[in-house]
Amino acid sequence: MSALPSSPAASVNPRAPLALAAVAFACGIWLAEHLHRSPQRWGIAALLLVVCAVVAAYKARPQIAQAAAILALACVGAFASIYTAPPHLVIPPQAFLGKVEIVGHVIHDSSLLAGPRQRFDLESETIIGPRRFEKPVVIRATLYPSGPNEKVEEFLHEFPQLAYGDRVLITANLRLPRNFHNPGAFDYESYLHNLGISAVASVSLKHIHLIDGTTGTRLGFWRSRVRRSILERISGESALWNKNDAPLLAAMIIGEDGLLLRDVREEFQQTGVYHLLVVSGMNVGLLAFAVFWLARRLRAPDWLASLVTVALSIVYAEMAGMGVPIQRAVLMLSMYLFARLLYRERPALNATGFAALVVLVLSPHALFEAGFQLTFLALLAISGISLPVLERSSSRYHVALQHLGSSSYDLTLDPRLAQLRLDLRLIWGRLARFLGARPAQWLLMGTVNFGLMLFELTVVSTITQATLALPMRAWFHRAAILGLPANILVLPLAGILLNSAVAALALSYVSTALARVAAFITAASLHWMLLCIAWLGHLRASRWRVPDPGLVLALLAVVAVVLAFMAVRRRRTLALSGLALLFLASGCTAFY
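Quick caveat: nothing in here was measured; it's all calculated off a predicted structure. (Residues numbered from 1 in each chain as written. Predicted model: local features only at pLDDT ≥ 70, side-chain atom pairs only at ≥ 80, totals over all residues. Heavy atoms only, no water.)

Undergrad: Give a description of the overall build of the protein that names residues and reports values.
TA: From N to C terminus, the protein includes 21 helices and six strands. Against the 2.2 N^0.38 benchmark of 25 Å for 592 residues, the protein shows a C-alpha radius of gyration of 27 Å, consistent with a compact globule. Along the first, second and third principal axes, the C-alpha set of the protein runs to 85 × 70 × 50 Å. Within the protein, buried positions represent 44% of all 592 residues. (Helix = DSSP H or I, 4+ residues; strand = E, 2+ residues; numbered from the N terminus. Rg over C-alpha atoms; globule rule 2.2 N^0.38 Å. Buried < 20%, exposed > 50% of the residue type's maximum accessible area, 1.4 Å probe, protein only.)

Undergrad: I'd like to hear about helix H7 (residues 246–254), residue by residue, with values.
TA: The buried fraction of H7 amounts to nine of the nine residues, a majority that puts the element mostly inside the structure. When H7 is considered as a whole, its buried residues turn out to be Ala246, Pro247, Leu248, Leu249, Ala250, Ala251, Met252, Ile253 and Ile254. If you follow the buried residues of H7, they end up packed against helix H6 (218–235), helix H8 (262–270), helix H9 (281–297), helix H10 (302–319), helix H18 (483–508) and helix H19 (512–537). Immediately downstream of H7, the backbone of Gly255 shows phi near 80°, a positive value. (Contact = heavy atoms within 4.5 Å.)

Undergrad: Describe the confidence of the model for the protein, listing the residues and the values that go with them.
TA: In this model, the protein carries a mean pLDDT of 83, and residues with pLDDT of at least 70 account for 90%. Within the model, the stretch residues 5–14 combines pLDDT values under 50 with twelve contacts to residues more than four positions away or in other chains. (pLDDT = per-residue confidence, 0-100.)

Undergrad: Outline the pairing of strand E2 (residues 117–128), listing residues and values.
TA: Inspection of the sheet shows strand E1 (residues 98–113) paired to E2 by ten bridges, in the antiparallel sense. Along E2, the bridge assignment pairs Ile102 with Ile127. Relative to strand E4 (residues 138–144), E2 runs antiparallel, the two sharing six bridges. By the bridge assignment, Asp121 is partnered in E4 with Arg140. Pairing analysis gives two bridges linking E2 to strand E3 (residues 132–133), with the strands arranged antiparallel. From the neighbouring strand, Ile127 faces E3, where its bridge partner is Phe133. Between E2 and E3, which follow one another and run antiparallel, lie three residues. (Pairing = 2+ DSSP bridges.)

Undergrad: Explain the packing of helix H16 (residues 437–467) against helix H17 (residues 469–476) residue by residue, including any values.
TA: Contact pair H16 / H17: the axes reach a minimum separation of 4 Å and the direction vectors enclose 50°. Taken together, the axes of H16 and H17 are oblique relative to one another. Where H16 approaches H17, its residues Gln465, Ala466 and Thr467 are matched on the opposing element by Ala469, Leu470 and Pro471. Residues belonging to the contact of H16 with H17 are distributed by class as follows: four nonpolar, two polar and no charged. (Axes fitted to C-alpha atoms, helices over the stretch in contact; angles between N-to-C directions. Parallel < 35°, antiparallel > 145°, perpendicular 65-115°, else oblique. Nonpolar A, V, L, I, M, F, W, Y, C, P; charged D, E, K, R; others polar.)

Undergrad: How would you sum up the packing of H6 against H7? Please name residues and give values.
TA: Taken N-terminus to C-terminus, the directions of H6 and H7 make an angle of 145°; their axes are 9 Å apart at the nearest point. Judged by the twist between their axes, the crossing of H6 over H7 is right-handed. Taken together, the residues of H7 that come into contact with H6 (itself represented by Arg227, Ile230, Leu231, Ile234 and Ser235) are Ala246, Leu249, Ala250, Ile253 and Ile254. Partitioning the contact of H6 with H7 into residue classes produces eight nonpolar, one polar and one charged. (Left-handed = near helix turned anticlockwise from the far one by under 90°.)

Undergrad: So what's going on with the packing of aromatic side chains? Which residues, and what values?
TA: The geometry of an aromatic ring pair is captured by the separation of the ring centres together with the interplanar angle, meaning the angle of the planes. The tally for this structure, following the rule as stated, stands at four aromatic pairs. A ring pair is formed by Tyr164 and Phe221, whose centres lie 5.1 Å apart and whose planes are at 80°; its orientation type is edge-to-face. Within this pair, whereas Tyr164 is found in the loop between helix H4 (152–158) and strand E5 (166–175), its partner Phe221 is found in helix H6, the two being separated by 57 residues in sequence. A cation over an aromatic ring shows up here: Arg233 above the ring of Tyr509, its NZ or CZ 3.7 Å from the ring centre. (Phe/Tyr/Trp six-rings, centres within 6.5 Å; stacked < 30°, edge-to-face > 60°. Lys NZ or Arg CZ within 6 Å of the ring centre and 35° of its normal.)

Undergrad: Explain the side chain of Ser394 residue by residue, including any values.
TA: Tracing the backbone shows Ser394 in helix H14 (residues 394–400). Judged by its relative accessible area of 0%, Ser394 falls in the buried class. Beyond its immediate stretch of four places on either side in the chain, Ser394 contacts Leu452, Phe455 and Glu456.

Undergrad: Summarise the nonpolar core; cite the residues concerned and give the values.
TA: Judged by nonpolar contacts, the single largest core of 37 residues is most densely connected at Ile234, Trp241, Met252, Phe268 and Met529. The contact partners of Phe268, leaving out residues within four places of it in the chain, are Leu248, Met252, Val273, Tyr274, Leu276, Leu277, Leu530 and Ile533. (Core = buried A, V, L, I, M, F, W, Y, C linked by side-chain atoms within 4.5 Å.)

Undergrad: Mind laying out a nonpolar patch on the surface, listing which residues take part and the relevant values?
TA: A grouping of Trp303, Leu304, Leu307, Val308, Leu312 and Leu341 is seen on the molecular surface, where their side chains present a nonpolar patch of about 520 Å² in accessible area. A total of five residues in the nonpolar patch trace back to one element, the largest contributor, which is H10. Within the secondary structure, Leu312 sits in helix H10. (Patch = residues over 30% accessible without salt bridge, like charges linked within 9 Å, V, L, I, M, F, W, Y side chains within 5 Å. Areas by Shrake-Rupley, 256 points an atom, 1.4 Å probe, with all protein chains shown as cover. Salt bridge = Lys/Arg side-chain N within 4 Å of Asp/Glu carboxyl O.)

Undergrad: Quick rundown of the pattern of salt bridges? Include the residues and the values.
TA: In this structure the tally under the stated criterion is eleven salt bridges. Among the ionic pairs, Arg227 bridges to Glu256, the shortest N-O distance being 3.1 Å. Here Arg227, found in helix H6, pairs with Glu256, found in the loop between H7 and H8; they are 29 residues apart in sequence, far enough to count as distant. Among the residues examined, Arg227 registers a relative accessible area of 9% and is labelled buried.

Dropping the structure here:
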């Protein structure tokens, strides 16, 4: 199988104007952080450039018009970065830090933590200290048991988990979040601020009381009830899985990670598969594929299948917290299905650019967050580099495997692909003597498709890991050496796990017996996945840590990604050179 055959069709670069617009907008945000100018100047520059673009388009100068439009978007990005104020946080005054009484309402359902403890977020109505402070402060509170040896069952019996809207009176030790000042340590303070949380509190079980009334929105109460119902089937009294599997499945399916132990998190981080423990775009994609396929099997029209798919994806995203990866996935899915209804070209790179642009317009400062960078760099690696490689390699073979029994179809293909079909038909004929025609076809096509799937998974995982080498080192000080083999082993199992888990939860509302069958498949997939991760986690390479990258190393990694992106659709020599430079730069980033 030739890795990168030259092909005229493959060398055509598809139009992705939204991706270019997102890059220009992001450059403007970055520029505003380093070139301090007033928003009025950026706004005037953007208007002048828009005028230039219109005049150039009128004068039939498309290159000048495009350059002016790109620069105008960059100025708009800079304007948005300055003009868009960061989320307003109410910080409690110094006089109200320490032991205070707080009356407030729960804004996120409590999560049971190991210990046992409960964690919940509340918005204060009144803080009573030296005087009364009545501005709303969002607080992350940790509820711990009264006695040191209290078990989880006793803890929950004494005080059940809090739900959205519950009003409480607590006596707590209120304080501001702070970071450990170790170089490269996790920025816990910024993490909470991005969630809108400005203070943390510790509360003893004997110092919390439920009070009359509830506060919240109808959507919030609905979300809370549905989420608690799902968690009850994952880890409650009517759980489908045992106590060892439930914490992992709760994290993977719905983003409830409170009961995950530190060593489990470390093992997933060390092997480069921590993305499985958070709800991401992969979950949304699997759900959307299953819903759309089922709707089409039920003969629903395209518009109805698309509408149902997007609606259920939004519902699932809301259940899982609507983080940046999920927002991106829902936006991309909506654009893809909408373009499909209009019979328009649907390049993945354009959908990625659309999602990034919407996220940046709504929150320009998201550009500097680890989650945004990792999410969209991974998408760039997949849609901008991996997919063009697959279009020039395995996609040709997928086309050649269609209508294998038709010899007339051979005439429409490249001679080498036609020869492959002849060889496969010969193998099919030999196998049919022993197995019969239909089983022989299933065995042959299954084997070939499995080989193609393994090749595609290896290509996508390798390129994605190489592209993420720099941010992984900068944010987490990890080389992620084992990310490639771990993802190749684990991702197929993750697909089976997520689909069977969703099926088990849905069936549990209809038939417990059928739900148990799907739950067994989920548990088996999870155990095989943990076995692979544990085996890789025992290797010494999984514990390698690296310091912050230097400026030269960072520039090398960035230039390599850009050149690989630009070269991958060119002639075979240029494409292979671009990929070689990408892998060389990622190796230097990981080990130097």
